[in-house]
Amino acid sequence: MTIFCSHCHRPLQAEMSCLPRRGTQVPSASKPFRSTKSASKARRDQINVELQALRSLLPISAREKERLSYLHTMALVCLRLRGAQLFPPDSAPPAGLALDVELLSLLPGFLLVLSANGKLVYISENVAQVLGLSMVELLAQGDTIFDILDERAHEDARKKLLLAQEEPGREVTFVSEMRTSKAFRLQHGGNRAVAVRGRFTALRWPPSPSTTAFLALCTPVARFPADDDAGCQDDIFHSTHVLDMTFIDVTESVTYHLGYRREELIGQSWYSLLHPEDAERAAAQHRAVALGAGPAAARPAVLRVLRRDRTWAWLRVSARRDGGTHAITCTSRCLREEEAAYLRAREHRPAALP
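Conventions we followed
- Residues numbered from 1 in each chain as written.
- Predicted model: local features only at pLDDT ≥ 70, side-chain atom pairs only at ≥ 80, totals over all residues.
- Heavy atoms only, no water.
- Helix = DSSP H or I, 4+ residues; strand = E, 2+ residues; numbered from the N terminus.
- Contact = heavy atoms within 4.5 Å.
- Areas by Shrake-Rupley, 256 points an atom, 1.4 Å probe, with all protein chains shown as cover.
- Salt bridge = Lys/Arg side-chain N within 4 Å of Asp/Glu carboxyl O.
- Buried < 20%, exposed > 50% of the residue type's maximum accessible area, 1.4 Å probe, protein only.
- pLDDT = per-residue confidence, 0-100.
- Pairing = 2+ DSSP bridges.
- Axes fitted to C-alpha atoms, helices over the stretch in contact; angles between N-to-C directions.
- Patch = residues over 30% accessible without salt bridge, like charges linked within 9 Å, V, L, I, M, F, W, Y side chains within 5 Å.
- Expected span 1.5 Å × (residues − 1).
- Arc of directions from axis to C-beta.

Some remarks on the overall build of the protein chain
- The number of helices and strands found in the protein chain is 14 helices and ten strands.
- Taking contacts inside the protein chain between residues at least 6 apart in sequence as the whole, the part at least 24 apart equals 50%.
- Put simply, the protein chain shows about 21,600 Å² of open surface, and 57% of that area lies on carbon and sulfur atoms.

This is the structure in structure tokens:
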């Protein structure tokens, strides 16, 4: 019995011998590490030094550098790193190419380069002329194309980018409102719609996601304030009609836009040029103007009109009837197809709540 008990208790005694005795300290290795205030401050100071060094290397003005936050600095550094990956230093990368300001001013929009997963790689400096935000300010919104687009356009943009990626070289276009500065929104009543037209291009061989970029030109969809009568603009023409919309006069610029000579249109009906699917839309505008329902009722209409070469032109037509006269004056602005689609979609969009 004694032998059994002593044999039975040996394992228990061995286990208890491993436990610390009362009053003894647990080894320091088992304690959680706690940082001191001085160590934390030293790390913060070291991080600040490194961020200042990175900030000093960015090719932006000293004034912009002073306004950068830590996260903003890292966003710009990541942009430069993505550019260096797609465009090695021994090539001529847009990310490092200082395009002449005068050359950029001649473009109808700004240049945009995206990586295969939609990350921003390059934005030309003239983006400020379109959106009211500099390249640095725009990056504060995020580092992907979807961070600067209206949320309602995300799905369409994804589909178009995927299509372009599956078929390299195929040009795709999508239209979306882009984020703008507060001053721009106050002046124009909202963000700006921009048409993004581009294609995926392999920059090095063999092509892969790391060597392929989406190169695009972003042109603003024309904003249509109350200056539609500005005849100096190249994309508009004016016409005058009797109350049944028969042409009695039209500017000579109609030849450039539709191919007709002025004499060919005088005496013809406006409805003879309209696409059959748009006749009802034009008639609603016609009735509102002829009956003097006011500018709110006679809203501009997006219509398709037959060119002389039997193709269809998209026009945004504003009509008015001058008081005391029996004539209707129309201002027609030519649109790109993507602009027309965007404006048509806005017509069916419910008004935003204040």
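Describing the pattern of salt bridges
- Enumeration over the complete set of coordinates arrives at 16 salt bridges.
- For Glu338, the salt bridge identified is with Arg336, shortest N-O distance 2.9 Å.
- Taking relative accessible area as the criterion, Glu338 reaches 14% and is therefore assigned buried.
- For Arg336, a relative accessible area of 28% corresponds to the partly exposed category.
- Salt-bridge contacts for Glu339 lead to Arg336; the nearest nitrogen and oxygen are separated by 3.7 Å.
- In the salt-bridge network here, residues are joined through shared partners; they are Glu171, Arg197, Arg199, Arg336, Glu338 and Glu339.

Some points on the environment of Lys182
- Tracing the backbone through its elements, the reader meets Lys182 in helix α10 (residues 182-188).
- Taking C-alpha positions, Lys182 is 8.5 Å from Gly132, a pair spaced 50 residues apart along the chain.

What about the confidence of the model for the protein chain?
- Of the residues in the protein chain, 75% have a pLDDT of 70 or more, and the chain-wide mean is 77.
- Per-element averaging of pLDDT across the protein chain places helix α1 (residues 2-18) at the bottom with 44 and strand β7 (residues 247-250) at the top with 95.
- Within the model, pLDDT remains below 50 along residues 1-20, and this stretch shows zero contacts once partners closer than five positions in the same chain are excluded.
- Note on residues 92-98: pLDDT is under 50 here. Beyond four places in sequence and across chains, it has eleven contacts.

Thoughts on the sheet that holds strand β10 (residues 327-335)
- Read from one edge of the open sheet, five strands run β7-β6-β10-β9-β8, paired in antiparallel fashion. Strand pairing shows two members of the sheet lacking a second neighbour, β7 and β8 (301-306), which therefore form its edges. Taken pair by pair, the neighbouring strands of this sheet meet at an average axis angle of 35°, ignoring direction.
- Relative to β10, strand β9 (residues 312-321) is paired through eight bridges, and the arrangement is antiparallel. Counterpart to Ala319 in the pairing with β10 is Cys330.
- With respect to the sheet, helix α13 (residues 279-290) is in contact with β8, β9 and β10, its orientation differing from that of β9 by roughly 15°.
- Taken strand by strand, helix α14 (residues 337-347) contacts β8, β9 and β10, and its axis lies near 140° from that of β8.

Regarding unusual backbone geometry
- Positioned with a positive phi, Met245 is a non-glycine residue whose angle comes to about 70°.
- Relative to the helices and strands, Met245 is located in the loop between β6 (236-242) and β7.
- Note on Met245: relative accessible area 5%, which makes it buried.

Describing the sheet that holds strand β2 (residues 120-123)
- Read across the open sheet, the five strands follow the order β2-β1-β5-β4-β3; overall the sheet is antiparallel. For this open sheet the edge positions go to β2 and β3 (172-178), each flanked by a neighbour on one side alone. Strand-to-strand twist of the sheet, defined as the mean angle between neighbouring strand axes without regard to direction, takes the value 25°.
- Of the strand pairs in this sheet, strand β1 (residues 110-114) and strand β5 (residues 212-220) are connected by five bridges, and their pairing is antiparallel. What sits directly across from Leu114, in β5, is Phe214.
- Of the strands in this sheet, β1, β3, β4 (192-202) and β5 are in contact with helix α9 (residues 154-166), which crosses β3 at around 150°.
- Contacts between α14 and the sheet are confined to β3, β4 and β5, with β3 contributing the most and set at about 45° to the helix.

Comments concerning the pairing of β6
- Here seven bridges tie β6 to β10, and the two strands are oriented antiparallel to one another. When the bridges of β10 are listed, His241 appears paired with Ile328.
- Strand direction decides the pairing type here: β6 and β7, joined by three bridges, are antiparallel. Within β7, the residue paired with His241 across the bridge is Phe247.

Here we look at a nonpolar patch on the surface
- A surface patch of nonpolar side chains, about 270 Å² in accessible area, is lined by Leu54, Leu57 and Met74.
- Secondary-structure assignment places Leu54 in helix α2 (residues 37-57).
- With a relative accessible area of 31%, Leu54 lands in the partly exposed category.

A look at α9
- Counted at 1.5 Å a residue, the expected span for α9 with its 13 residues is 18 Å, and the 18 Å between its end C-alpha atoms agrees.
- Every buried residue belonging to α9 is among His154, Ala157, Leu161 and Ala164, and all of these are buried. Angular distribution of buried residues about the axis of α9 spans 95°; they occupy a single face of the element. Exposed side of α9, more than 90 degrees from the buried face: Lys159 and Glu166 are the residues found there.

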